[in-house]
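Inside the fold
Chain by chain, the residues:
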Protein chains: 2
Amino acid sequence: MPPRFFAPEAQATGELVMLPPEEAEHLTRVLRLGTGAAIRVFNGSGEEFESVVEATSKEAVQVRLGRPRDPAPEALLQVTLAQAVLKGDKMDDVIRDAVMIGAKAVRPVVTARTETTAAVIEKSRRQERWERIAISAAKQCGRAVVPAILEPVTFEALIDLLLQKWLAGPSIMLVEPGATKAAVPFSELDVEPPDAVTLVVGPEGGWTPEEIEAAGVVCRLVTMGRRTLRADAMGLIAIAAAFARWREF
Amino acid sequence: MPPRFFAPEAQATGELVMLPPEEAEHLTRVLRLGTGAAIRVFNGSGEEFESVVEATSKEAVQVRLGRPRDPAPEALLQVTLAQAVLKGDKMDDVIRDAVMIGAKAVRPVVTARTETTAAVIEKSRRQERWERIAISAAKQCGRAVVPAILEPVTFEALIDLLLQKWLAGPSIMLVEPGATKAAVPFSELDVEPPDAVTLVVGPEGGWTPEEIEAAGVVCRLVTMGRRTLRADAMGLIAIAAAFARWREF
């Protein structure tokens, strides 16, 4: 299979497009490809083209788009993962895995027990980093859509978004077994197969009782199994369970 | 919650038991606990006790078992993960995650595209390392059962085991989308909720056509979604999907 590259400007067969700098570097320096190389180009919005490298210079790669092709299909169930920001590089792995399994968007959330703040996230340009990770994961898994890494919000702002129904479909907050009597096992959720779902996953230290209470107004509180799962595995587990339950798998 | 320790000899309230050396070291050096400390002790076979440290020396810890308690419940669906051995430390993470989500056993498998051999696995004592990881993961997730890390086998030997029905329940081999026309989506598996299932997951390089053909005789060939997933995430995804499908979640 030819290597895949991301070019957001790619629109139609026959066009000449430039690869973004990082993609150009990947093509010339990592894969050491040159003029005439057969590649595939996807635009992050769902379109993909058989393509040929037309010209390369030190910092730029020009590509001729060939015939369109069918990329890996998008999931019919549109999952938004609202994920509490985790420590260190763990959030990177969560975003990579969410993109690869087929999430539609990831919404980073700053919760009471998140060990960072929105200011730090902005200053350290983590959202840009996460967006690059989303592109890289889309390249690996065969998707031609790059899921949106949405602007980080506080937990209170997330609840407001959910109350205002700015996110589609039912919202499910994952809670630890025993955290609250209001939670039901995932299998007992009495929802019709939805078109979209928001999965809300907490940080390493879990949710505060106040957060669980606030979420209960707008989210279904759900447990997945009866063992304590790692915070950085929970998002992937929840998406896999939703896909299995609602026939995406 | 008091810290949990593994003591395979723990059988009944009132007994004095010694912690294994690694557990003793964890108690004295890492957690810096001493005589009188309230802890919990589980025996790896499903029993757990409120306990008290009776005595510590440089290398040994003696514990008095108190009243029994209910650990995190075991999954009703008994999952054996037959996992192709992955590169580097990735297998460690797969085993940790399989234990935490609730697998009953992990069977390492040496396949055609596995980049190691049974001889290297044995020489490098990896099975012992994996068993330690299983104990550590059981401590974290609240299980009182330490899942068996079974002896590594070749792919051919695994197929023989499955043919001889030495592993309970249906066997499901996960294959990449497009790898074979014989595969069906997970949602189309026409099996009654089983008591046990064996999930067979391949290495980074995937299965060979010969392996897929050989497995087809005894396994259901199944795809999970239509995107390419990481080999080291596939086991966790497959267990989560099985738990969601068959009402463990």
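Only a predicted model underlies this, so the values are computations on that prediction, with no experimental measurement involved. What you see as residue numbers is a count from 1 along each chain, following the sequence as written. Both sets of labels track the order of writing: A upward for chains, 1 upward for ligands. Side-chain atom pairs in this predicted model are given and counted only at pLDDT of 80 or more, local residue features only at pLDDT of at least 70, and totals for whole chains, interfaces and linings cover all residues.

Attention now goes to the overall build of chain A. Each helix is a run of DSSP H or I of at least 4 residues and each strand a run of E of at least 2, with the numbering of both proceeding from the N terminus. Looking only at helices and strands, one finds 7 helices and 13 strands in chain A. Against the 2.2 N^0.38 benchmark of 18 Å for 249 residues, chain A shows a C-alpha radius of gyration of 20 Å, consistent with a compact globule. Dimensions along the principal axes, computed over C-alpha positions, put chain A at roughly 65 × 40 × 35 Å. Taking all 249 residues of chain A together, the buried fraction comes to 50%. Atoms counted for the radius of gyration: C-alpha only. Globule rule: 2.2 Å times the number of residues to the power 0.38. Residue burial here comes from a neighbour count, namely the number of other C-beta atoms, placed from the backbone, that lie within 10 Å of the residue's own C-beta, with 20 or more meaning buried, 12 or fewer meaning exposed, and in between meaning partly exposed.

We now examine the relation of the copies chain A and chain B. There are two copies of the chain, and a rotation about an axis plus a shift along that axis relates them. For the pair chain A and chain B, the superposition axis carries a translation of 0.0 Å, the fit reaches an RMSD of 0.0 Å, and the rotation angle comes to 180°. Expressed as an axis order, the relation between the two copies is that of a two-fold axis. When each C-alpha of chain A is compared by its distance to the rotation axis, A241 of chain A comes out closest, at 2.5 Å. Contact between two residues is assigned when their C-beta atoms, built from the backbone, lie within 7 Å. Most of the interface of chain A is mirrored in chain B, where 100% of its interface residues are also at the interface. Superposing copies: least-squares fit, C-alpha atoms only, residues required to have pLDDT of at least 70 in both.

Once that is clear, we can look at the domain arrangement of chain A. Residues and elements named next belong to chain A. Residue ranges for the domains trace back to a domain assignment, done automatically or taken from a database. Considered domain by domain, chain A is made up of domain 1 (4-69) and domain 2 (78-245). Once you take the C-alpha centre of each, domain 1 and domain 2 turn out to be 33 Å apart. Note on residue classes: Ala, Val, Leu, Ile, Met, Phe, Trp, Tyr, Cys and Pro are nonpolar, Asp, Glu, Lys and Arg are charged, and everything else, Gly too, is polar. Broken down by class, the residue content of the side of domain 1 that touches domain 2 amounts to 2 nonpolar, 4 polar and 3 charged.

With that out of the way, let us pick up the interface of chain A and chain B. One frequent convention defines the size of an interface as the accessible area lost when the parts assemble. With 32 residues of chain A at the contact, the number on the chain B side is 32 residues. Elements represented by at least two residues in the side of chain A that touches chain B include exactly α2 (90-101), α4 (126-141) and α7 (231-245) of chain A. The element best represented in the side of chain A that touches chain B is α7 of chain A, accounting for 8 residues. Taken together, the residues of the side of chain A that touches chain B sort by class into 18 nonpolar, 6 polar and 8 charged.

Turning our attention to helix α1 (residues 21-30) of chain B. All names here are of chain B. Among the residues making up α1, those that are buried are E23, A24, L27 and T28. Seen end-on, α1 carries its buried residues on one side only, within an arc spanning 120°. Exposed residues lying more than 90 degrees from the buried face of α1 are P21, R29 and V30. Backbone geometry just after α1 places R32 at a positive phi near 55°. Think of the arc as the fan of directions from the helix axis to the C-beta atoms.

Below, the discussion takes up helix α7 (residues 231-245) of chain B. The first and last C-alpha atoms of α7 of chain B sit 21 Å apart over 15 residues, in line with the 21 Å expected at 1.5 Å per residue. One or two residues past the end of α7 of chain B sits R247 of chain B, with phi positive at roughly 65°. Working rule for helices: expected span equals 1.5 Å times residues minus one.

Residue and element names in this part refer to chain B. At least two DSSP bridges between two strands are required for those strands to pair. For strand β10 (residues 171-174) and strand β13 (residues 220-223), the ladder comprises 3 bridges, and the chain directions are parallel. Along β13, the bridge assignment pairs M173 with L221. Sheet analysis places strand β11 (residues 184-185) next to β13, joined by 2 bridges and oriented parallel. From the neighbouring strand, P185 faces β13, where its bridge partner is T223.

Moving on to the sheet that holds strand β4 (residues 48-56) of chain B. All names here are of chain B. Strand order in the open sheet made by the 5 strands is β1-β3-β4-β5-β2, with mixed pairing throughout. On the outer flanks of this sheet lie β1 (4-6) and β2 (16-18), each paired with one strand and no other. Geometrically, the sheet is characterised by an average inter-axis angle of 45° between neighbouring strands, direction not taken into account. All axes are obtained by fitting lines to C-alpha atoms, using only the stretch in contact for helices, and the reported angles, taken between N-to-C directions, cover 0 to 180 degrees.

Another aspect to go through is the packing of α7 of chain A against α7 of chain B. Viewed as axis vectors pointing N to C, α7 of chain A and α7 of chain B meet at an angle of 50°, and their least axial separation amounts to 8 Å. One finds that α7 of chain A runs oblique with respect to α7 of chain B. Between α7 of chain A and α7 of chain B the crossing geometry is right-handed. Along the contact surface, α7 of chain A presents A233, L236, I237, A240, A241, F243, A244 and R245 of chain A, while α7 of chain B presents A233, L236, I237, A240, A241, F243, A244 and R245 of chain B. For the contact of α7 of chain A with α7 of chain B, the residue count by class is 14 nonpolar, no polar and 2 charged. Put simply, angles under 35 degrees are roughly parallel, angles over 145 are roughly antiparallel, angles from 65 to 115 are roughly perpendicular, and the rest are oblique. Left-handed describes a crossing whose near helix is turned anticlockwise from the far helix by less than a right angle; the clockwise case is right-handed.

Residue and element names in this part refer to chain A. When you line up the elements, G44 lands in the loop between β3 (38-42) and β4 (48-56). Its 20 C-beta neighbours within 10 Å are what place G44 among the buried residues. In sequence terms G44 and V145 are 101 residues apart; their C-alpha atoms lie 4.1 Å from each other. If near-sequence neighbours (up to four positions away) are discounted, G44 is found in contact with F6, P8, V145 and V146.

Further remarks concern unusual backbone geometry. Residue and element names in this part refer to chain B. Despite not being glycine, R32 has its phi angle at roughly 55°, a positive value. With respect to the helices and strands, the residue R32 is situated in the loop between α1 and β3 (38-42). Backbone geometry at R247 places phi at a positive 65°, although glycine is not the residue there.

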